[in-house]
Structures are given as C-alpha cells and as structure tokens.
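Coordinate analysis (summary)
The lines below spell out each chain.
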Amino acid sequence: MNSIEMYFPNTSNWFNFYTDKKVIGGQTETIQVEKSTIPTFVRGGAFITTAKPMQSTNEYDGNTFDLHYYFDASVEKSEREVYNDDGVTRNAYNQGLFERLAFESETKKGSFEIEFEAELGDHYSASTKVINVIVHNFPRQPKRIKSHGKTLEFSYDTLSKVLFFAIEWNTLKAIETKIRF
C-alpha cells in the first residue's frame, strides 16, 4: 500500500466517499492508496445522485435513485441540479423531452430541510420518483421527519452517523422535507 499527500481546500470540509471520514479543509493529509480504489472526497454540503448497479444504460431508470447528502453544520445552504431524459431521444433537450431535478438544503438550529423541485421540458411528462435519501455525517438521531404533511419512517446509525429515509415525489409539485433533531 502506498500513500500520497493531498491538499484539501479551505473552502469546505471534505468527506471520504468510501468511509465518510471527515477532513477539515485547509490542510494537507497523508492518504493511503490502493490499486483497487481511487481516493475520492466529497465537499461538505454536496448532493450526489447514484443509480443502482446495471449492466447497460438500457437498464437505467431515472425514477428510482439514491440521493446522498454530506451534512456539514458549517454549510447553511446548498443546492444541486440533475438533468434527466429518456436516454434514447436524440437532442432530447431541444425537443423539450427532459426534466431538471433541483435539490436544495437549508440547515437551521435544530432542523434540516431538503426541498425537491422539478422543471419539465414542454413535452416531458411528470412522474413519481422513489428516492432513497442517505444523509452522511448527520449529527444525531432525528426526532421526526415530515414531508408534504406526512411523517416518514427513517433509520439512523449512531456509529456511522448515517440517516436513511425513502421518499415518493411526484414531480408536478415541489415538496419540502423537514428533519427535526
């Protein structure tokens, strides 16, 4: 096993994608590297969408995905936009056959909110998304999670500080999910 020196910009704190270990920005760290993985770090406050493993893009389903958020108390607001289309139509954007999904977060004292909003192309149909939300580095067990008037089931691992909940979202309407802790 080898190691490399990596500088982490002071504009943010950083999280190891594979272990969730937090690195304070503005310093150089010695990072162990292996042939089988690339050192990957995520900026605090970042949203990352991931799809389930698949053999080809024919298996891709843009209506079911994981949304990872890397919680960092120093980040009050964050946003991310994701583009999606049917994966087949040429120039789908120009034909209005697309959707842009926007995720915004806001941290307040004792609460954390995620807003889900969609912009649909002129010829794209709204759909219901099933989103597995994984919040890394969440400070403590939530008291409750509410989304569009409903209390959601969730799980929280106190050791890894990972919060998990699933949400169904029809892209016709923006929704807000509020986590009280």
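See above for the structure.
Since this is a predicted model, take the numbers as computed values, not measurements. Per chain, residues are indexed from 1 in the order of the written sequence. Local features in a predicted model are, by the rule used here, given only for residues with pLDDT of at least 70; side-chain atom pairs are given and counted only at 80 or more, and totals for whole chains, interfaces and linings are based on all residues. Derived side-chain values reflect all non-hydrogen atoms in the structure, with water molecules and hydrogen atoms excluded from consideration.

**Topic: unusual backbone geometry**
- Although it is not a glycine, His148 sits at a positive phi angle of roughly 35 degrees.
- Here a strand is any run of E in DSSP of at least two residues, a helix any run of H or I of at least four, and the numbering for each starts at the N terminus. Positionally, His148 belongs in the loop between β12 (144–147) and β13 (150–151).
- Burial status follows relative accessibility: with a 1.4 Å probe on protein chains alone, a residue under 20% of its type maximum counts as buried, one over 50% as exposed, and anything between as partly exposed. Of the residues examined, His148 reaches a relative accessible area of 41% and is grouped as partly exposed.
- Unusually for a residue other than glycine, Lys161 sits at a positive phi of about 60 degrees.
- Tracing the sequence through the fold places Lys161 in the loop between β14 (155–157) and β15 (162–170).

**Structural notes on the sheet that holds strand β9 (residues 98–108)**
- Strand pairing follows a simple DSSP-based rule, namely that at least 2 bridges must link the two strands. With antiparallel pairing, the 6 strands of this open sheet are ordered in space as β8-β9-β10-β16-β12-β13. A single partner strand is all that each edge strand has here, and the edge strands are β8 (77–85) and β13.
- The sheet contact formed by strand β10 (residues 111–120) and strand β16 (residues 175–180) spans 6 bridges and is antiparallel. The residue of β16 that forms the bridge with Glu115 is Glu176.

**Remarks on the packing of aromatic side chains**
- The aromatic pairing rule takes the rings of Phe, Tyr and Trp, using the six-membered ring of Trp, and pairs them if the centres are within 6.5 Å, calling planes under 30 degrees apart stacked, those over 60 edge-to-face and the rest tilted. Applying the stated criterion across every chain, the model contains 17 aromatic pairs.
- Ring geometry for Phe47 versus Phe103: centroids 6.0 Å apart, planes at 35 degrees, classification tilted. With Phe47 in strand β6 (residues 47–50) and Phe103 in strand β9, this residue pair connects regions lying 56 residues apart in the sequence. With respect to class, Phe47 is no different from Phe103; both count as buried.
- Considering the side-chain rings of Phe71 and Phe181, the 6.4 Å spacing of their centres and the 90 degrees angle between planes classify their relative orientation as edge-to-face. Taken together, the residues span a long stretch of sequence, with Phe71 in the loop between β7 (64–70) and β8 and Phe181 in the segment after β16 at a distance of 110 residues.
- What makes Phe71 buried here is its relative accessible area of 3%.
- Of the residues examined, Phe181 reaches a relative accessible area of 11% and is grouped as buried.
- Among the aromatic residues, ring-to-ring pairing joins Phe47, Phe65, Tyr69, Phe71, Phe103, Phe112, Phe116, Phe138, Trp169 and Phe181 into one connected group.

**Some details on the nonpolar core**
- Definition used in this section: a nonpolar core is a set of buried Ala, Val, Leu, Ile, Met, Phe, Trp, Tyr and Cys residues joined via side-chain atoms within 4.5 Å. Counting residues in hydrophobic clusters, the biggest one holds 26 residues, and the most contacted among them are Phe103, Phe116 and Phe138.
- Sorting the residues of this core by element identifies β7, β9, β10, β11 (128–136), β15 and β16 as the ones contributing at least two each.
- Among the elements that line this core, the one with the most residues is β15, at 4 residues.
- Note on definitions: a residue-residue contact is assigned when non-hydrogen atoms from the two residues lie within 4.5 Å. Residue contacts for Phe103: discarding those within four places in its chain leaves Phe47, Thr49, Phe65, Leu67, Ser78, Glu79, Arg80, Val82, Glu115, Phe116 and Trp169.

The analysis is restricted to geometry; functional conclusions fall outside its scope.
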